[in-house]
Each structure stands twice: as C-alpha cells, then as structure tokens.
Amino acid sequence: MGSYYESEDLGKFGEIGRHGKALADDFFRYYGHATGTDGALSKREKALIALAVSHAQKCPYCIDAYTTQCLESGANPEQMMEAVHVAAAMMAGITLVHSVQMQNRLEKLVL
Amino acid sequence: MSAVIPLVARSAPPKYDFGAQLRRRGIELPPLSIDTLQVNITRLCNQVCRHCHVDASPSRTEMMSAAGLAKCLEILARHPAISKLDITGGAPELHPGFDGFVERASGLARHVMVRHNLTVQLDGHPVTKQSKEYLPEFFARHKVELISSLPYYQPFFTDSQRGGGVFGKSVEAMRRLNAQGYGVEGSGLALNLVYNPVGPYLPPPQASLEADYKRELKAKFGLVFNSLYTITNMPINRFRLHLDKTGQYEAYMEKLLAAFNPQAAEGVMCRSLVSVGYDGRIYDCDFNQMLEMDAADASGRRLTIYDFDLEKLLKRRIRFDGHCLGCTAGSGSSCGGATA
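Residues numbered from 1 in each chain as written. Chains lettered and ligands numbered in written order. Predicted model: local features only at pLDDT ≥ 70, side-chain atom pairs only at ≥ 80, totals over all residues.

### So, the overall build of chain A
Assigned secondary structure in chain A consists of 5 helices and 0 strands. Taken from the N to the C terminus, the helices and strands of chain A come in the order α-α-α-α-α. The C-alpha radius of gyration of chain A comes to 19 Å, more than 25% above the 13 Å expected for a compact globule of 111 residues. Dimensions of chain A along its principal axes, counting C-alpha atoms only, are 60 × 35 × 35 Å. Taken over 111 residues, chain A has a buried fraction of 15%. When contacts within chain A are restricted to residue pairs at least 6 apart in sequence, long-range pairs at least 24 apart make up 56% of them. (Helix = DSSP H or I, 4+ residues; strand = E, 2+ residues; numbered from the N terminus. Rg over C-alpha atoms; globule rule 2.2 N^0.38 Å. Buried ≥ 20, exposed ≤ 12 C-beta atoms within 10 Å, placed from the backbone. Contact = placed C-beta atoms within 7 Å.)

### Concerning the interface of chain B and chain A
Counting residues at the interface gives 10 residues for chain B and 7 residues for chain A. Residue composition of the side of chain B that touches chain A, grouped by class: 7 nonpolar, 2 polar and 1 charged. (Nonpolar A, V, L, I, M, F, W, Y, C, P; charged D, E, K, R; others polar.)

### What about the nonpolar core?
One finds B:Leu37, B:Cys72, B:Leu85 and B:Leu146 to be the most contacted residues of the largest nonpolar core, which totals 90 residues. If you look at the next biggest cluster of nonpolar residues, it comprises 10 residues, including A:Ala47, A:Ala50, A:Cys70 and A:Ala75. (Core = buried A, V, L, I, M, F, W, Y, C linked by C-beta atoms within 7 Å.)

### Remarks on the environment of A:His55
All names here are of chain A. Among the structural elements, histidine 55 can be located in helix α2 (residues 43-56). A residue is classified by how many C-beta atoms lie within 10 Å of it, and histidine 55, with 19 of them, is partly exposed. Through-space distance from the C-alpha of histidine 55 to that of tyrosine 5 is 15 Å; in sequence the pair is 50 residues apart. Excluding its chain neighbours within four sequence positions, the residues that come into contact with histidine 55 are Ile63, Val84 and Ala87.

### With respect to the sheet that holds strand β1 (residues 36-40) of chain B
All names here are of chain B. Spatially, the 8 strands line up as an open sheet ordered β6-β5-β4-β3-β2-β1-β7-β8, and their pairing is mixed. With partners counted over all chains shown, the strands left at the sheet margins are β6 (228-230) and β8 (282-283), one partner each. Direction of pairing for strand β3 (residues 111-115) relative to strand β4 (residues 145-149): parallel, over a ladder of 3 bridges. What sits directly across from arginine 115, in β4, is isoleucine 147. (Pairing = 2+ DSSP bridges.)

### Some words on unusual backbone geometry
All names here are of chain B. At alanine 109, a residue that is not glycine, the phi angle is positive and equals roughly 60 degrees. Mapped onto the fold, alanine 109 is located in the loop between α3 (98-107) and β3. By the C-beta count within 10 Å, which is 10 here, alanine 109 ends up exposed. Positioned with a positive phi, glutamate 292 is a non-glycine residue whose angle comes to about 55 degrees. Mapped onto the secondary structure, glutamate 292 falls in the loop between α12 (286-290) and α13 (310-314). Judged by local crowding, glutamate 292 falls into the exposed class, with 10 C-beta atoms found within 10 Å.

### Considerations on the pairing of strand β2 (residues 84-88) of chain B
Residues and elements named next belong to chain B. Within β2, 4 of the 5 residues are buried, which leaves the element mostly enclosed by the surrounding structure. Taking the sense of rotation as the criterion, the β-α-β connection linking β1, helix α2 (residues 66-78) and β2 turns out right-handed. Bridge count between β2 and β3: 4 bridges; the pairing is parallel. If you follow leucine 85 over to β3, its bridge partner there is valine 112. Once you follow β2 into α3 and on to β3, the crossover reads as right-handed. (Right-handed = clockwise from strand over helix to strand, strands pointing away.)

### With respect to the packing of helix α6 (residues 155-162) of chain B against helix α7 (residues 166-179) of chain B
All names here are of chain B. Packing of α6 against α7 brings their axes to within 8 Å, and their N-to-C directions diverge by 105 degrees. Taken together, α6 and α7 sit at an angle that is classed as roughly perpendicular. Facing Pro155, Thr158, Asp159 and Arg162 of α6, the residues of α7 in contact are Val166, Phe167 and Ser170. In terms of residue class, the contact of α6 with α7 is built from 3 nonpolar, 2 polar and 2 charged. (Axes fitted to C-alpha atoms, helices over the stretch in contact; angles between N-to-C directions. Parallel < 35°, antiparallel > 145°, perpendicular 65-115°, else oblique.)

In structure tokens form, the structure reads like this:
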C-alpha cells in the first residue's frame, strides 16, 4: 500500500454500503439532508462548518470535498480560511480549557 | 504563457457521449427557433483568460470581413423573427468595423447585445494602441445591452482567471458605465455580469450569488448592475489544456456527467440561437464553433451566412459532443446564465 489515503477513494464513499446497505442508506439520506440542502442554515454556511470540522478532524477526503463544496456554494478563500481559524481556535481552546482539570488535580496532589 | 499556444480542438472520449445521455432518457432536442444571431467577429482580445474557450489573445488576427458584417445585417433585416444580435469575440470592440456594425444593427430595431470584457475600455487596442475610452458613451447612445465577465466580487478569483490587475480595471470600467446610467434602475441600459468558476467546479446558485455580488460591489465600490449570469466552464481548448496538464480532466467530466439535469437539457441555448464565425460559417453555438463542428443541413452540407436559409436551419440536427455536458450540469448553463 502506497498510502493510507488515496484521493480517488473519495469517490468510493458510497461503497460503505457494500456490507450493511440499509444502515448506509439511512446514513446517506441523513448526511445529504443535513449537509447538502438549504435549511435554517444555507448550503454555504453548512459547507463552511463542514470545512472547519474537516480540519479539526484532519480528514483529507473531507478537506478536498468541502473545499470544492465551499466554492460551488459561492464562498471565497477569505471566508474559508476564517472557518479554519474558528476550528483552530476551538481546538486550542479545547486543549487549554483542560488545563483547569490539570490545575484541579494539582491542587489535590500538592501539599 | 502556454495559454497562448494555438490549440488543436479535441473531442471528448466516447464514455462522455452526450447523445447517449439524451437517448437513455428519451430526450430529443430539435431546434425551436432562431431568436438570436450570435456573431463572433474577431478572436483578437486584449486579455488572455485562462478558461477562454475561444483561445482569444492579443496575437489572434481572425476578423470577420466587411462583406460578412454586411451579410449579417442583411439577414437581420430579412428575418424579423431574429430579434437579437449578440456580438462576441475576442473583444469585439477591437474589430475595425465594430462601431458601424452596432450603429447599423440598432438602426434595424433589433436588440443588440455586446459581450464586453470591461478592461478593453482602459487597455485600448493591444496592437494599434487606439483608445477605447469612448465606449461607455457609445454603448449608451445605441442602448446596447452589455454582458461582462467578472468572475467574483473580489480580486483573487478575478485576477487568477483573467490576469493580474483585471479586477481593478474592471471596477473602474464599471464606474464609467454606471456614470452613463448602465445598471441603474429605470435607465433602460442593461449591464449584466457573468460569473465563471475559477477552476473545475460547478457555479454556485445564480440567485444567491447575484445577491452577494450586488451587496458587495455596492458596499465596497458603489457599483450597480442588473443581473448575474452563472456560466459553467466548457472542457474545451484552453480550459481543457489546463485540465489535462493538471490531471483533472476525467474528474471534471465525471462531475459534469453526474450532475446531468434533464430540465437543463431541455433549455440548452442551441435550440434558439445560431452562432456565426468570423468566416461566415454557422454553428449551433460558440463552443461548437471553436471545435469546428459546423452546422449542416439534412444532406450534410455546411451552412454559412452567404446562403442563409432559416427553414433549413430550423430543420437541422443540432450537433452534440461531450462538452455539451457543461450546458446540462446542475442548474444548466448558457450565454444567458443558468437554464434550470
């Protein structure tokens, strides 16, 4: 295997239904409805959220897919980069807020 | 500068057979009318856009002859059903007979549209250096409808597609057009903008993007316009070269194929217009023109403006190939924007 991630595998996402088709069908119906339609949020807003999540979860498939989806919904690089900064700031905040746990533990451990 | 290398048109591989898509769905697309005569009067342009299906540039020399221009006007005079003249290029304003063509066409009480790239106002003629700053007043005087490319309301996409500095010049050119009344409500002077994706992806929804353009261009530059047309990039010529060089051709064609929309197919522009080349040959559209897919009568004889026959044209079989998937993907695409 050359790599754990092959870009052409993105096109094979639908094949997760090869085993357990009913569950895959349920998932794709939900996934399409949640991410691919205008609702209380526009498709563009959803694409920017998905792009941010893609980065936070470090998923190369999703980064490729949602970079395109952002462009196809009219977003621009400035908006896309801001979405990634939101993800980055959240990840930093999530790491840092855990230091409260560290400090709680410190207080218990230190005489 | 690879983009200015003369290109040999190539058709799409058989797996992207547009006709097969139609047959599978039982769709037939005969001509409905000819309400627009679209005339490509020159391939000369002051710009070298990276997606240009015409491969237009300052080094192109093709020009419609004076006899060709006169023939187009005669056709319009003879056929009142052809209500619109759509003048394109290249930058059509660089043709020495452009002004006279517009003046005489508007004298025929036809709706005249010009595919105006905005920057030619400031750049002038790339060879003779003749100024084109008179154009806004000239267009307004003849009540010409303008259709102008602006791939985004920010510089990044616009300059990436159309060349460095194009966004700034386009803004200035729009200011001059707005000053003549273009795009201003109630003026009767229409300025419509065109969005093309800056890569191998589909255009965003036309209505929401138009709202973004209007809000941003007004807020940042005080500019106004009428409508935004979203147009899909055709996988031919210069854009095809880019797709091939970057290994994205197959993925783009698969995207177009997967997004085939029967409703968009019903509304393809080739059903209601014909495209005329600089040499007078007739085609089903400007894309077929660039691929040299001539329109032909039932006996297979090439059709030209010099033996123009409306009845024969209405009975012709429109020629399709893989690139037509660009007009039927998603919300559809035509010279007037989305079709579905």
